[in-house]
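# Breakdown of the fold
Okay, here's what each chain looks like letter by letter:
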Number of protein chains: 2
Amino acid sequence: MEVTRKNFSSVLPEVEKAINEADFLSVDTEFSGLHASNSFHISPLDTPEERYHKLRKGSSDFLVFQVGLCTFCYDKENSTYEAKPFNFYVFPKPYSRAAPDCRFLCQSSSIDFLASQGFDFNKVFKEGIPYLTSTQESELRDFLEERHKQYTQFSSPAFVTPDSGAEAVTTKGPIEIPEEHKEFIEGICNSIQEFLDKEGEESLSLPSCNGFVRKLIYQTVRQRFQSRVHLGAKTNEKKQRLIVVTRIKSEDEMKKKELEKQSTELAELEDAVGFSKVIRLISQSGKLVVGHNMFMDLVHLLHRFCSKLPENYQEFKAMAKCVFPKILDTKLMANTTPCKELLPSSVLGDLLKHIYSPPFKKPEVVIPENFPRYDIDDSNLHEAAYDAYITGICFTGMSSFLGGLQKPPLSYVPPDAPVVKPFTNKLFLMRVADVPYLDLEGDDVLPSRDHVFHITFPKEWKASDLYQLFSPFGNINITWLDDISAYVSLYKRDQSSTVMSTLCKRDARYKILTYELFKNGFKDKESRKRSHAPESTEEEPKKKKPLNVESVTPPMPEENGNKAEEENMAADSTSEQQPNEQKMFEVPAW
Amino acid sequence: MEVTRKNFSSVLPEVEKAINEADFLSVDTEFSGLHASNSFHISPLDTPEERYHKLRKGSSDFLVFQVGLCTFCYDKENSTYEAKPFNFYVFPKPYSRAAPDCRFLCQSSSIDFLASQGFDFNKVFKEGIPYLTSTQESELRDFLEERHKQYTQFSSPAFVTPDSGAEAVTTKGPIEIPEEHKEFIEGICNSIQEFLDKEGEESLSLPSCNGFVRKLIYQTVRQRFQSRVHLGAKTNEKKQRLIVVTRIKSEDEMKKKELEKQSTELAELEDAVGFSKVIRLISQSGKLVVGHNMFMDLVHLLHRFCSKLPENYQEFKAMAKCVFPKILDTKLMANTTPCKELLPSSVLGDLLKHIYSPPFKKPEVVIPENFPRYDIDDSNLHEAAYDAYITGICFTGMSSFLGGLQKPPLSYVPPDAPVVKPFTNKLFLMRVADVPYLDLEGDDVLPSRDHVFHITFPKEWKASDLYQLFSPFGNINITWLDDISAYVSLYKRDQSSTVMSTLCKRDARYKILTYELFKNGFKDKESRKRSHAPESTEEEPKKKKPLNVESVTPPMPEENGNKAEEENMAADSTSEQQPNEQKMFEVPAW
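Residues numbered from 1 in each chain as written. Chains lettered and ligands numbered in written order. Predicted model: local features only at pLDDT ≥ 70, side-chain atom pairs only at ≥ 80, totals over all residues. Heavy atoms only, no water.

From N to C terminus, chain A includes 18 helices and 17 strands. Counting the 590 residues in chain A, one finds 60% classified as buried. For chain A, the accessible surface area stands at approximately 23400 Å², while carbon and sulfur atoms represent 51% of it. (Helix = DSSP H or I, 4+ residues; strand = E, 2+ residues; numbered from the N terminus. Buried < 20%, exposed > 50% of the residue type's maximum accessible area, 1.4 Å probe, protein only. Areas by Shrake-Rupley, 256 points an atom, 1.4 Å probe, with all protein chains shown as cover.)

To continue, consider the sheet that holds strand E14 (residues 452–456) of chain A. All names here are of chain A. Within the open sheet, the four strands sit side by side as E15-E16-E14-E17. Their pairing is antiparallel. Taken across any chain shown, the strands that pair with only one partner, and hence form the sheet edges, are strand E15 (476–482) and strand E17 (511–514). Between one strand axis and the next, the sheet turns through 25 degrees on average, direction left out of account. Strand direction decides the pairing type here: E14 and strand E16 (residues 485–490), joined by five bridges, are antiparallel. Within E16, the residue paired with Val452 across the bridge is Ser489. (Pairing = 2+ DSSP bridges. Axes fitted to C-alpha atoms, helices over the stretch in contact; angles between N-to-C directions.)

Our next topic: the pattern of salt bridges. Taken as a whole and assessed by the stated rule, the structure comprises 38 salt bridges over all chains. Ionic pairing is found between Glu137(A) and Arg280(A), a salt bridge with its closest N-O pair at 2.8 Å. Residue Glu137(A) is found in helix H5 (residues 134–152), and its partner Arg280(A) is found in helix H9 (residues 276–285); the two are separated by 143 residues along the sequence. Ionic pairing is found between Asp46(B) and Lys54(B), a salt bridge with its closest N-O pair at 2.9 Å. For the pair shown, Asp46(B) and Lys54(B) are each scored as buried. Shared partners join several salt bridges into a network, and the residues in it are Glu137(A), Arg141(A), Glu270(A), Lys277(A) and Arg280(A). (Salt bridge = Lys/Arg side-chain N within 4 Å of Asp/Glu carboxyl O.)

Okay, the packing of helix H10 (residues 295–305) of chain A against helix H11 (residues 313–323) of chain A next. All names here are of chain A. Where H10 meets H11, the closest approach of the two axes is 11 Å, and the angle between their N-to-C directions is 80 degrees. In terms of orientation, H10 and H11 fall into the roughly perpendicular class. For the pair H10 and H11, the contacting residues are Phe295, Leu298, Val299 and Leu302 in the first and Phe316, Met319, Ala320 and Val323 in the second. Tallied by class, residues from the contact of H10 with H11 come to eight nonpolar, no polar and no charged. (Parallel < 35°, antiparallel > 145°, perpendicular 65-115°, else oblique. Contact = heavy atoms within 4.5 Å. Nonpolar A, V, L, I, M, F, W, Y, C, P; charged D, E, K, R; others polar.)

Below, the discussion takes up the packing of helix H1 (residues 8–21) of chain A against H9(A). Geometrically, a packed helix pair is captured by the angle between its two axes and the distance between the axes. Residues and elements named next belong to chain A. Contact pair H1 / H9: the axes reach a minimum separation of 10 Å and the direction vectors enclose 15 degrees. By the criterion of interaxial angle, the relationship of H1 to H9 is roughly parallel. The hand of the H1/H9 crossing is right-handed. Contacts between H1 and H9 involve Phe8, Leu12, Val15, Glu16 and Ile19 on the former and, on the latter, Lys277, Val278, Leu281, Ile282 and Ser285. For the contact of H1 with H9, the residue count by class is seven nonpolar, one polar and two charged. (Left-handed = near helix turned anticlockwise from the far one by under 90°.)

What follows is about the nonpolar core. Counting 224 residues, the largest nonpolar core has Phe88(A), Tyr389(A), Phe88(B) and Tyr389(B) as the members making the most contacts within it. Not counting chain neighbours up to four residues away, the residues in contact with Phe88(A) comprise Val3(A), Phe8(A), Val15(A), Phe65(A), Gln66(A), Val67(A), Leu69(A), Ile129(A), Phe275(A) and Val278(A). (Core = buried A, V, L, I, M, F, W, Y, C linked by side-chain atoms within 4.5 Å.)

Residue and element names in this part refer to chain B. By the element assignment, Ser26 lies in strand E2 (residues 24–31). Its relative accessible area of 0% is what places Ser26 among the buried residues. Here the side chain of Ser26 touches Ala388 through a polar contact of 2.6 Å, landing on its backbone oxygen. Non-local contacts of Ser26, meaning those with residues more than four positions away in its chain, are made with Gly68, Leu69, Cys70, Phe72, Val290, Ala388, Tyr389 and Gly392. (Polar contact = N/O pair within 3.5 Å; in protein donor to acceptor, adjacent residues only side chain to side chain.)

This brings us to helix H17 (residues 496–503) of chain A. Side chains three or four residues apart in an α-helix point the same way, a direct result of the helix having 3.6 residues per turn. Residue and element names in this part refer to chain A. Regarding H17, the residues found buried are Ser496, Val499, Met500 and Leu503. Down the axis of H17, the buried set is contained in an arc of 95 degrees. They therefore lie on one face. Turning to H17, the residues buried within the fold contact E14, helix H16 (463–469), E16 and E17. (Arc of directions from axis to C-beta.)

This structure, assessed with the given rule, holds 67 aromatic pairs over all chains. The cationic tip of Lys426(B) hangs over the ring face of Tyr437(B); the distance from NZ or CZ to the ring centre is 5.4 Å. (Phe/Tyr/Trp six-rings, centres within 6.5 Å; stacked < 30°, edge-to-face > 60°. Lys NZ or Arg CZ within 6 Å of the ring centre and 35° of its normal.)

With that out of the way, let us pick up the sheet that holds strand E8 (residues 241–247) of chain A. All names here are of chain A. On the basis of which strands lie adjacent, the open sheet formed by three strands has the order E6-E8-E7 and antiparallel pairing. With partners counted over all chains shown, the strands left at the sheet margins are strand E6 (203–205) and strand E7 (229–235), one partner each. In this sheet, adjacent strand axes meet at a mean angle of 25 degrees when their direction is disregarded. As judged from the seven bridges shared by E7 and E8, these two strands associate in the antiparallel manner. Counterpart to Thr235 in the pairing with E8 is Arg241. Relative to E7, helix H8 (residues 251–273) is tilted by about 20 degrees, and along the sheet it contacts E7 and E8.

Time to look at the environment of Asn475(A). Tracing the backbone through its elements, the reader meets Asn475(A) in the loop between H16 and E15. Taking the relative accessible area as the measure of exposure, Asn475(A) reaches 28% and is therefore partly exposed. For the pair Asn475(A) and Met254(A), spaced 221 residues apart in sequence, the C-alpha to C-alpha distance is 84 Å. The residues contacting Asn475(A), other than those within four sequence positions of it, are Tyr467(A), Ser489(A), Leu490(A), Tyr491(A) and Glu176(B).

Residues and elements named next belong to chain A. Residue placement: Ala334 occurs in helix H12 (residues 330–334). For Ala334, a relative accessible area of 2% gives the class buried. For the pair Ala334 and His292, spaced 42 residues apart in sequence, the C-alpha separation works out to 9.7 Å. Setting aside its immediate chain neighbours within four residues, Ala334 contacts Cys339, Lys340, Leu343, Ser346, Leu351 and Met398.

Going through the model one piece at a time under the given rule, you end up with zero disulfides over all chains. Of all cysteine sulfurs in the structure, the one in Cys73(A) sits closest to Cys70(A), which takes part in no disulfide; the separation is 11 Å. The class of Cys70(A) is buried, set by a relative accessible area of 0%. Between Cys339(B), a cysteine without a disulfide, and Cys394(B), which holds the nearest cysteine sulfur, the sulfur-to-sulfur distance is 10 Å. (Disulfide = S-S within 2.5 Å.)

Before going further, it helps to examine helix H14 (residues 348–355) of chain A. By the criterion of burial, H14(A) is predominantly enclosed, with six of the eight residues buried. On its buried face, H14(A) sits against H12 and helix H15 (384–404) of chain A.

Following Thr337(A), the chain continues to Pro338(A) via a peptide bond in cis, the omega torsion being 10 degrees. The topology assignment puts Pro338(A) in the loop between H12 and helix H13 (339–342). Each neighbour pair has its own omega, and for Pro358(B) with Pro359(B) the value is 5 degrees, a cis peptide bond. With respect to the helices, strands and loops of the structure, Pro359(B) is situated in the loop between helix H14 (348–355) and strand E11 (365–366). Unusually for a residue other than glycine, Asn425(A) sits at a positive phi of about 60 degrees. By the element assignment, Asn425(A) lies in the loop between H15 and strand E12 (426–427).

Attention now moves to the environment of Pro178(B). All names here are of chain B. Relative to the helices and strands, Pro178 resides in the loop between helix H5 (134–152) and helix H6 (179–198). In this structure Pro178 comes out as buried when scored by relative accessible area, which is 3%. In the structure, Pro178 is positioned 156 residues away from Ala334 in sequence and 71 Å away in space, judged by C-alpha atoms.

All names here are of chain A. Residue position: Asn87 is located in strand E4 (residues 80–89). On the basis of relative accessibility, which here comes to 3%, the residue Asn87 falls in the buried class. Within the local environment of Asn87, its side chain forms a polar contact with the backbone nitrogen of Ala385, the two atoms lying 3.0 Å apart. If near-sequence neighbours (up to four positions away) are discounted, Asn87 is found in contact with Met1, Glu2, Val3, Gln66, Val67, Gly68, Glu383, Ala384 and Ala385.

So, on to the confidence of the model for chain A. All names here are of chain A. Put simply, chain A has an average pLDDT of 81, and 82% of its residues get 70 or more. Confidence, expressed as mean pLDDT per element, reaches its minimum in chain A at helix H18 (residues 515–529) with 69 and its maximum at strand E9 (residues 288–291) with 98. Note that residues 153–172 has pLDDT below 50 and, in this model, 55 contacts with residues that lie over four places away or in other chains. Counting interchain partners and residues more than four positions distant, the pLDDT-below-50 stretch residues 575–590 has 77 contacts. (pLDDT = per-residue confidence, 0-100.)

This is the structure in structure tokens:
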């Protein structure tokens, strides 16, 4: 079901009902871009914490254009799921002149990708549902309440116009009317006097004028006509701001008018919270939220609809856990034994096709009448609601399969079943070779990188120079950082201990450091820069239980042969490819 | 005439002809936003140089969505102008994987403004004409030439895939095939061998795979099948990248194929230059280019279609002069005596209406058959070509009027007439009170600001505190900088000399500086930060000839009463209003 600014209020109760009835929910988002610059591109040696910081700094300025939500409700009698896919277009239209005027980034290749998929940008910009984070909402609410308080102390002249920003609550006092405006203001006062004398018309619209002149009018009219007129703000069809003067007969009428206006303003703020209400409903439900390769989706959902992303990684985990108590990433599930061995590709479109064939069993899913009947084909891919819908199907397919392996086999696997539990609150890490997942519930599993070395070398050096330098230690893998530095990983880990002693003395043209030393040096510099953002968890690698189904193997097969979508200039995470990313892979990760 | 990616090549000759036949040209642009943050908002005390830096830093990350060009050709026989309005939708779609992937900023209020004017975003993003700056073009050309050179030395294995970026020209040498890819690459080689053995099919499309694997394929196939096959790149309808293998019979055929491919690549680059060609045609014509309030348009046109904006202000002037040898800003003309006194508003839509009534004479303008017949009403406002069209009309209207004042009166005023000359290469400065214009041809006219003082004070201070402090010197005007600082300007300039001696000693709660001292202190700090961007012209105010028609008075009347459009959340410069800008005008400029 398509949801825009036009039908949001009327559809919201249905969304709420669907969430409350659901067994689990699935989500997907479409963004205006992926990476603010190439320096935020992902690397196979990112730690979960480093990946978070790359997303926070390099991706959070992009906008969410579309959010897909699909609710899944299991019908035990018929052994089918009922799915309700909602496709929300969202846009932070400033709801008033006091509201934040968001600046956001777009990436040409992502916009072009969305355009090639038939994405409707006009619908986003013209009919997108507005939203506010909780912080923005409470600031605006405080601002309104403060202003309403000022109005109630109306006997003293108020110097606040209805359209001045939140920051202008305490203005700098009465303004002297500049010479060039005096005549105009006098004319306004005369026309108001005439209006009052005539007793015919009910209201008088003043000519449109700019904010400063309106401020002068408010100030002067209140001084001269205090309890005889009420001033209201209006925007005409040309988007010009007008002041509307109405006659009042008593203090009581004035108060009534003020109260009416105040409740209208509060209702407008309520409307402006918009799509954030859906996220709050999902959060309050506490239900399992499933996504595919959902780290970036999660980051955007939190950042745009809840609150600014914290600089501190642990605070991010706490925030994510607080907003979405239970999440599950189907890409992690698909890349974990035993599913992994049976799935040649975990790219969403491919995954769905595999889930429909043995040994998996096609899940029975029905969509109610008033929702679009999605055909299971690639034509809808990258519409957020469709991607959310098939993500949910993949989840039920894989969890049923896991349930079938139990003794005795489970006919229905609920979202809190023991076979599902190992995957909850863990995020898949794209292209990371040796870290299985980001763990939202505790410390991350960080492997030993004793066989990894950081090397700085002359610009002329090529891979062959590095191969030659490291030839005493057997085969290596190179992860280029830039033209003059790289990580080198040994295949033969037992050779690691001799690298430093052998290579350190040889040559002044290069500089070599152990991975740990390099990282600590780097972090020292970083933490000196922003001492309020401790990155301590990374410093002492901790051993932790791996997934109990079996440890996750590197997602490297993903880079293999004929996988669909791998090369898309994508604007969402489900296509799992970054524009121009092949540059990262000039040399393989190990 | 609407011009998009679809008809650009076919329309370009007509554009060229229209430019070459024209007497003068007019332009207008629509942007994705105005100010990256509030700190880049304009101030009435900006110098032309400060204004440039604000635009460069605060506006140049926004994108141009639409460029309007209108050519005007005078028909002496009929005393009419023939106008040809072209409306170009432009978008920097990356034309290849080597091309720049532009990140750009949008401002919600500007997008919402465009949306409310019925702007078609789908047309921009799906059919926008691409473009490259000269720098980007020559970098890409060098890159192609370098790669073509590598291909001609084909006997040695080339390690460059056709889709690697410009930076990857010199790659880091041969790649060892990782274990997990060996089987796949072997399979590819076997299928190529079979294809060669069978002699049936003309070409073989390899399965789509990612950039790294394609690199491995290129490398291996070239080693094994050197002069027997040709490898080409293809993108299928799913936007997946494929390698296409074709059989070759001789070295000559190989060379021919390579040359064909190279000329295709060069043609693609030529297409990618796209809209920049129109700007080059305008530039080469050397004709007068008219715009309304065109400083921001000029900055965007240079930045997006010519070259990155220089940090140095003098270099900017030189660049502008070089690209557009003759420009004219109709808003400056409208705000200069004698037009100024006859025009109650210089906002574009209003200006046109005034130009149509006495003492101005409605210019006779015809639009040829194959162009849209623009009705002169507000419904087309903010379509770039319409705005360019009426800007040109306003120019002819005002210049005819000036010609009529000559003795003897001129019946036709050519764009190089002496009455027009005083306005050329001068840019109107929005809301600047005492600087008449930015002069592209020489040093700016910088007035004395001896009566202006910079003051820092406690946060609690309001206007009344400043009025009181300065009460010994008569009336003042306050230009707020933030909550704790402002410029104070004296009405009575003769009081200026005593301010410092009287106020400096009085109170420790505030700190007062002369305008000059404050600016120099500020500039010292600034120039320490970026020593390569000297801002020397500003340091010694120079006296210069004002416009010979009479000096320009402050644009303050613009802020007056009932002017249309003043309150728009605009996305172009012709509406001459910034979102939320009324905060700047809590207190008047003097």
